[in-house]
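Secondary and tertiary structure notes
Take a look at the letters that make up each chain.
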Amino acid sequence: MIKYLLILAFITGGFLGLPEAAYADSWACPTKAPEIKLSRVLGKTRLYRTKDINTLTHMHTDGAANRQGMYVNGLGGGKIGLEGQASFTVMQRGDQACIWLKGIDAKFFALPTIHIANNFPKGTCEYDAVMEHEKKHIRVLQDFHKEFAPKFKTALRRIASDIPAQGPFDAKSTERIQQDMNARINTGIQSFNDNIIPILEARQAQVDNPNEYARVEAQCKNWNKYVQ
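Let me sum up the structure you'll find in this document.

Cut-off values and rules
- Residues numbered from 1 in each chain as written.
- Predicted model: local features only at pLDDT ≥ 70, side-chain atom pairs only at ≥ 80, totals over all residues.
- Heavy atoms only, no water.
- Helix = DSSP H or I, 4+ residues; strand = E, 2+ residues; numbered from the N terminus.
- Buried < 20%, exposed > 50% of the residue type's maximum accessible area, 1.4 Å probe, protein only.
- Contact = heavy atoms within 4.5 Å.
- Core = buried A, V, L, I, M, F, W, Y, C linked by side-chain atoms within 4.5 Å.
- Disulfide = S-S within 2.5 Å.
- Phe/Tyr/Trp six-rings, centres within 6.5 Å; stacked < 30°, edge-to-face > 60°.
- Lys NZ or Arg CZ within 6 Å of the ring centre and 35° of its normal.
- Polar contact = N/O pair within 3.5 Å; in protein donor to acceptor, adjacent residues only side chain to side chain.
- Pairing = 2+ DSSP bridges.

**Some points on the overall build of the chain**
Check the secondary structure of the chain and you find 6 helices and 6 strands. For the chain, the α and β elements follow one another from N to C terminus as β-β-β-α-α-β-β-α-β-α-α-α. In the chain, which comprises 228 residues, the share counted as buried stands at 39%. Put simply, 82% of the contacts in the chain that link residues at least 6 apart link residues at least 24 apart.

In structure tokens form, the structure reads like this:
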């Protein structure tokens with residue numbers, strides 16, 4: 001099984017200038033709650049036949065399995081992660097400014113992939129057995145993605161609520177303060193990521209158990225023919 005988590009956050013800055021008539025008003029930063037959008041993107045499963053058993057074994061175990069007389073016939077999993085844009089609004093009055101988080105527009109994506117060693121010709125019993133097993137990993141990834149998409153949105157709302165508007169402050173500090181706010185968003189996302197990835201790993205590990213390996217192996221008789 002292969003899996004990754006990517007976190008990509010982008011900063012955009014809007015500028016809102018107060019009209020002259022507003023300068024006489026009291027100077028306070030708005031407290032409007034940021035808008036949180038999250039869409040779930042599930043890609044089609046991609047199949048790769050470009051690597052042999054030894055290459056897949058090194059990819060998965062750095063060669064440790066080879067030294068133990070074990071081989072990796074396939075890998076199933078893929079990329080899963082969050083990408084999006086955090087937007088900020090800056091309001092300036094003279095040499096003073098306020099900045100607040102306007103919203104987060106994000107995508108929670110999963111891009112499933114399967115590798116089957118090119119040692120096994122398509123249509124053979126061994127190919128079909130490996131494919132059946134790797135599809136179980138894909139289902140784990142897909143189910144996890146569906147389950148945790150709403151939890152990601154809840155986490156984004158919580159993260160955003162912990163980032164209040166800043167200011168008034170010296171307008172020269174706007175860029176630095178905006179970067180600090182964005183860093184807090186990334187830190188919150190990273191923390192959520194660190195909490196959920198072990199759950200995915202544990203679920204995938206449950207698929208790779210001795211009984212499952214024995215079941216797959218028992219389906220076919222020519223494993224050694226293709227491993228050599």
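What follows picks up the thread again.
**Remarks on the nonpolar core**
Counting 36 residues, the largest nonpolar core has Leu38, Leu82, Ile104, Phe108, Leu156 and Ile185 as its most contacted members. Among the secondary structure elements, those contributing two or more residues to this core are strand 2 (35–42), strand 4 (74–93), strand 5 (96–116), helix 3 (125–161) and helix 4 (174–207). Among the elements that take part in this core, helix 3 stands out by supplying 10 residues, more than any other. Those residues in contact with Leu38 that sit more than four places away from it in its chain are Leu82, Ala106, Phe108, Ala149, Phe152, Lys153 and Leu156.

**A look at the state of the cysteines**
Summed over the entire model, instances satisfying the criterion amount to 2 disulfides. In this model Cys29 forms its disulfide with Cys98; the gap between the sulfur atoms is 1.7 Å. The S-S bond linking Cys29 to Cys98 shows a torsion near -80°; that makes this disulfide left-handed. A residue pair is termed long-range when its members are at least 10 positions apart, and Cys29 in the loop between strand 1 (3–17) and strand 2 and Cys98 in strand 5 qualify at 69 residues. Since its relative accessible area comes to 0%, Cys98 is described here as buried.

**Thoughts on the packing of aromatic side chains**
Taken as a whole, this structure holds 5 aromatic pairs when the rule is applied. Look at Phe120 and Tyr226: their rings are 5.7 Å apart centre to centre, the planes differ by 70°, and that puts the pair in the edge-to-face class. Taken together, the residues span a long stretch of sequence, with Phe120 in the loop between strand 5 and helix 3 and Tyr226 in helix 6 (residues 223–227) at a distance of 106 residues. Assessed through its relative accessible area of 0%, Phe120 is described here as buried. For the ring pair Phe144 and Phe148, a centre distance of 4.3 Å and an interplane angle of 25° mean the geometry is stacked. Taken as a pair, Phe144 and Phe148 lie in helix 3 at a separation of 4 residues, close to a single helical turn. Among the aromatic residues, ring-to-ring pairing joins Phe108, Phe152 and Phe192 into one connected group. The side chain of Lys151 reaches across the aromatic face of Phe148, ending 4.5 Å from its centre.

**A look at the environment of Ile104**
One can find Ile104 in strand 5. Along the backbone, Ile104 and Ser87 are 17 residues apart, and their C-alpha atoms lie at a distance of 6.3 Å. Apart from residues no more than four positions distant in its own chain, Ile104 is found in contact with Glu35, Ile36, Lys37, Gln85, Ala86, Leu156 and Ile185.

**A word on the side chain of Gln204**
With respect to the helices and strands, the residue Gln204 is situated in helix 4. Residue classification places Gln204 among the buried positions, given a relative accessible area of 1%. In this structure the side chain of Gln204 is engaged in a polar contact, spanning 2.7 Å, whose partner is the side chain of His137.

**Some words on the pairing of strand 4**
Counting buried positions along strand 4 gives 15 out of 20 residues, so the element sits mostly inside the fold. Bridging between strand 4 and strand 5 involves 20 bridges; their strand directions are antiparallel. By the bridge assignment for strand 5, Arg93 is matched with Gln96.

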